[in-house]
Amino acid sequence: MGGETTTTFIAVAMPERNIRRTRKRMKYLEIGTAIATDASRVGKTLHNNYLLNYAFPFIDSFIVKPMKQAPRNANASPRLAIAILAAGKGTRLKSKHPKVLHEVGGKALLAHVIAAARQVVSLKDTYAIIGHEAELVRQRVGGTGISFVVQEPQRGTGHALMCAEPALQGYDEVIVLSGDAPLITAETIRRLRDFRRQEKAAMTLLSAGLENPTGYGRVIRTTAKSDEATAIVEEKSCTPAQRKIREINAGFYAFSVKPLFANIHRIETNNPHAEYYLTDMAEVLHKAKQRVVAVKTDNPGEILGSNTRAELVELDRDMRRQKCLQLMAEGVTIFFPETCVIDSDVEVAADTTIEPFVQLLGSTRVGSDCRIRSYSVIQNSEIADGVLVRTGCVLDEARIEAGAVIGPYSHLRPGSDIGEGAHVGNFVETKKTRLGKKSKANHLTYLGDAEIGDGVNIGAGTITCNYDGVHKNKTTIEDGVFVGSDSTLVAPVKLGRGSYVGAASCITDDVPPDSLALGRAKQIVKEGWVKKRRDPSS
Ligand code: UD1
Ligand code: CA
């Protein structure tokens, strides 16, 4: 069974509404062997001592019994997990795509939250709770190595945590983050964790003082000065007096796992959305005589969520403004930074200048002493030191070596590899092409699937005919070749080292080194022909 893994498990498959009733007298409906084709997933689930539902997508909803664990050393530090709520549909965005995959700063909301989480716990202890378009979300962020829990259907933030119980049971504490609040920092996550430990609380919630608290849940404290909170009231359920409270629930929590799951089934759905609200845990735990405390952030900016398009765009702008400020602090000059779009993961070295209306996207890296002129859009590309990118260039997955000059108006498509000191000029398109050191293709040219050596001159209007309607074919141009203007090179074809191609040639056969190739009709001159036509009697 190549690639398959067999594992023994005990699972109870039952409708979700029965889970609560059946918990105490769990009957194992199925004890058996599962065969999974993805060995790595099973490996990971076993590592956590649980079988998560993602390993067995054919079972809708089930509880899995934890396997036997070795007794823990009483002095061991608490086992901490992070759960990221990411199952919601994001109705207010009016989008067919899952909310947590909408981007700010050029990166999915959820990817930002994962980046903060991984600074506090290991990725395998980070669980994204997914549901709406779960497979899409899994595909987009699965590469990070985080774990997943599926919430299906999505019946509220409290229900999301109920679904994560089997995964989280083996931990001592869990920090809950919101997949739609991308500005959260590792520092704040640690603060939430430490405050709960220090206060020995069952639940700690992060709060913020907002000028305009509309739309957020409000935090009810025992007294204004007390750390202790008794409830969180959602906006729609607030009394007029509660609505005036400016201290809001940021949607980030730290829980002690035991009291959380001992009480979570007390949450009810008696609210306008008929959902299980995680926020109700504050009141539930308080009533169960468990300690609930609130810690207020000094930086309300970092808790902002993105429920609407307008909020998304605002977050995006803030993030990019921060990015420009960070780059400038590191020695990059950015003229009119408010016009530039620079994604969060982009790197730019000191002494590079970025002109107005430039976009640097994805994983782009730019060296030092470069100049990126206006209206260039550069994505997932690598640019070495001292490169000049003139106005209006589009680069995608391209590599540019030191001292090269690109543009204006060049289009470098994926796999373009431009050598040291090379020139790519106006209206030149390259794709899967290596252009060697100091080689030049300065005007109106298409170079696709080509391997071009050093010191080559590609004349204006040259075209590599790389596609025969079925296959892509390669053009090889060795060092020192001169290709005259308006030549078509029909691939597969090779121009030997030091050869010449006469202008306007159509080259279909290989050219030996140091040879001249001419592939055009011989010129005919008819002397006096025009004059005769103008004046037939002459
Ligand atoms: C929530 C809080 C609110 C708080 C605000 C802060 C609740 C009931 N309310 O409201 O007190 O002020 O965050 O931003 O929690 N999700 C799931 N499964 C579900 C429903 C939602 O995973 O069944 C996820 C969503 O994808 C989202 C997160 O939970 O990432 C928060 O849900 P959302 O609907 O945005 O809650 P808010 O209305 O913002
Ligand atoms: Ca939200």
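Side note on the overall build of the protein
Secondary structure assignment for the protein yields 12 helices and 40 strands. Considering the protein as a whole, with its 538 residues, one finds that 49% of them fall into the buried category. Restricting to contacts in the protein with at least 6 residues of sequence separation, those with at least 24 account for 43%. Summed over its atoms, the accessible surface of the protein is roughly 26,300 Å², and 51% of this surface lies on carbon and sulfur atoms.

Here we look at the coordination of the calcium ion (ligand 2)
For a metal bound by four donors in a tetrahedral arrangement, the ideal donor-metal-donor angle is 109.5 degrees, while six donors in an octahedral arrangement ideally sit at 90 or 180 degrees. The calcium ion (ligand 2) binds to the protein through Asp180 (OD) and Asn307 (OD1), with metal-donor distances spanning 2.4 to 2.5 Å. Within this pair, whereas Asp180 is found in the loop between β9 (173-178) and α7 (186-199), its partner Asn307 is found in the loop between β14 (292-296) and α11 (309-329), the two being separated by 127 residues in sequence. Judged by relative accessible area, which is 12%, Asp180 ranks as buried.

Comments concerning α7
A rise of 1.5 Å per residue sets the reference length of α7, with its 14 residues, at 20 Å; its end C-alpha atoms lie 20 Å apart and thus fit the reference within 8%. Packed against the buried residues of α7 are β4 (80-86), α3 (109-117), β9, β10 (203-209), β13 (247-256) and β14. The first or second residue beyond α7 is Lys200, which carries a positive phi of 50 degrees.

With respect to the side chain of Ser487
When you line up the elements, Ser487 lands in the loop between β35 (482-483) and β36 (488-490). The exposure class assigned to Ser487 is buried, which follows from its relative accessible area of 0%. Not counting residues within four places of it along the chain, the set of residues in contact with Ser487 comprises Gly461, Thr462, Ile463, Val501, Gly502, Ala503, Ala504 and Ser505.

Details of the environment of Gly461
With respect to the helices and strands, the residue Gly461 is situated in the loop between β32 (457-458) and β33 (463-465). Residues Gly461 and Phe427 lie 34 residues apart in sequence; the distance between their C-alpha atoms is 9.4 Å.

Focus on the site of ligand 1
Around ligand 1 lies a shell of 22 residues, among which Gly88, Gln151, Gly156, Glu234 and Asn249 are the nearest. At 3.2 Å from an oxygen atom of ligand 1 is found a side-chain nitrogen or oxygen belonging to Arg92. The side chain of Asn307 places a nitrogen or oxygen atom 3.4 Å from an oxygen atom of ligand 1. In the complex, the protein chains occlude 89% of the 750 Å² of accessible area that ligand 1 would expose alone. Residue composition of the shell around ligand 1, by class: six nonpolar, 11 polar and five charged.

Here's the deal with unusual backbone geometry
For the bond from Glu152 to Pro153, the omega torsion is -5 degrees, close enough to zero to count as cis. Tracing the backbone through its elements, the reader meets Pro153 in the loop between β8 (147-150) and α5 (157-163). Following Ala491, the chain continues into Pro492 via a peptide bond in cis, with omega recorded as 0 degrees. Look at Asp486: it is not a glycine, yet its phi comes out positive at around 60 degrees. Relative to the helices and strands, Asp486 is located in the loop between β35 and β36.

Looking at the environment of Lys89
Looking at where Lys89 falls in the secondary structure, it is placed in the loop between β4 and β5 (103-104). Between the C-alpha atom of Lys89 and that of His132, which follows or precedes it by 43 residues, the distance is 5.6 Å. In this structure Lys89 touches His97, Lys99 and His132, once residues within four positions along its chain are discounted.

Regarding the packing of aromatic side chains
Think of a pair of aromatic rings as described by two things: how far the centres are apart, and how the planes are tilted against each other in angle. Counted by the stated rule, this structure contains five aromatic pairs. When the centroid spacing of 5.0 Å and the interplanar angle of 20 degrees are considered together, the rings of Phe482 and Tyr500 count as stacked. Of this pair, Phe482 sits in strand β35 while Tyr500 sits in strand β38 (residues 500-501), and the two are 18 residues apart along the sequence. Using a relative accessible area of 32% as the deciding quantity, one classes Phe482 as partly exposed. The residue whose ring lies beneath Arg138 is Phe148, and the NZ or CZ to ring-centre distance is 5.4 Å. For Lys472, the ring lying beneath its charged end belongs to Tyr467, and the centroid distance is 5.2 Å.

A closer look at the pattern of salt bridges
According to the stated counting rule, one finds 29 salt bridges in the structure shown. Among the salt bridges present, the one from Asp345 reaches Lys107, with a minimum N-O distance of 3.3 Å. Here Asp345, found in the loop between β16 (341-342) and β17 (347-348), pairs with Lys107, found in strand β6 (residues 107-108); they are 238 residues apart in sequence, far enough to count as distant. Across the salt bridge formed by Arg191 and Asp298, the nearest N and O atoms sit 3.9 Å from each other. Residue Arg191 is found in helix α7, and its partner Asp298 is found in the loop between β14 and α11; the two are separated by 107 residues along the sequence.

What about the nonpolar core?
Residues Ile354, Ile383 and Ile400 are the most contacted members of the largest nonpolar core, which totals 46 residues. Per-element accounting of this core gives the leading share, four residues, to strand β31 (residues 440-452). Those residues in contact with Ile383 that sit more than four places away from it in its chain are Arg365, Val366, Gly367, Cys370, Ile372, Ile378, Val389, Leu395 and Ile400. Core analysis: the second largest hydrophobic core is formed by 42 residues, Ile84, Phe148, Ala208 and Tyr216 among them.

Topic: the pairing of β8
Examined bridge by bridge, strand β7 (residues 126-130) and β8 share four bridges and lie parallel to one another. For Ala128, the partnering residue across the bridge sits in β8 and is Phe148. The parallel pair β7 and β8, bridged by helix α4 (residues 134-141), forms a crossover whose chirality is right-handed.

Focus on the pairing of β7
A large share of β7 lies buried, amounting to five of its five residues. Here β7 shows two buried faces, one formed by Thr126, Ala128 and Ile130 and the other by Tyr127 and Ile129.

With respect to α11
The terminal C-alpha atoms of α11 lie 30 Å apart, and with 21 residues this matches the ideal 30 Å at 1.5 Å per residue to within 8%. Among all positions in α11, only Leu312, Leu315, Met319, Arg320, Lys323, Cys324 and Leu327 are buried. One or two positions beyond α11, positive phi appears at Gly331, with a value near 105 degrees.

Scoring rules and cut-offs
- Residues numbered from 1 in each chain as written.
- Chains lettered and ligands numbered in written order.
- Predicted model: local features only at pLDDT ≥ 70, side-chain atom pairs only at ≥ 80, totals over all residues.
- Heavy atoms only, no water.
- Helix = DSSP H or I, 4+ residues; strand = E, 2+ residues; numbered from the N terminus.
- Buried < 20%, exposed > 50% of the residue type's maximum accessible area, 1.4 Å probe, protein only.
- Contact = heavy atoms within 4.5 Å.
- Areas by Shrake-Rupley, 256 points an atom, 1.4 Å probe, with all protein chains shown as cover.
- Donors = N, O, S within 2.8 Å, 3.2 Å for Na, K, Ca; no water.
- Expected span 1.5 Å × (residues − 1).
- Near = heavy atom within 4 Å.
- Polar contact = N/O pair within 3.5 Å; in protein donor to acceptor, adjacent residues only side chain to side chain.
- Nonpolar A, V, L, I, M, F, W, Y, C, P; charged D, E, K, R; others polar.
- Phe/Tyr/Trp six-rings, centres within 6.5 Å; stacked < 30°, edge-to-face > 60°.
- Lys NZ or Arg CZ within 6 Å of the ring centre and 35° of its normal.
- Salt bridge = Lys/Arg side-chain N within 4 Å of Asp/Glu carboxyl O.
- Core = buried A, V, L, I, M, F, W, Y, C linked by side-chain atoms within 4.5 Å.
- Pairing = 2+ DSSP bridges.
- Right-handed = clockwise from strand over helix to strand, strands pointing away.

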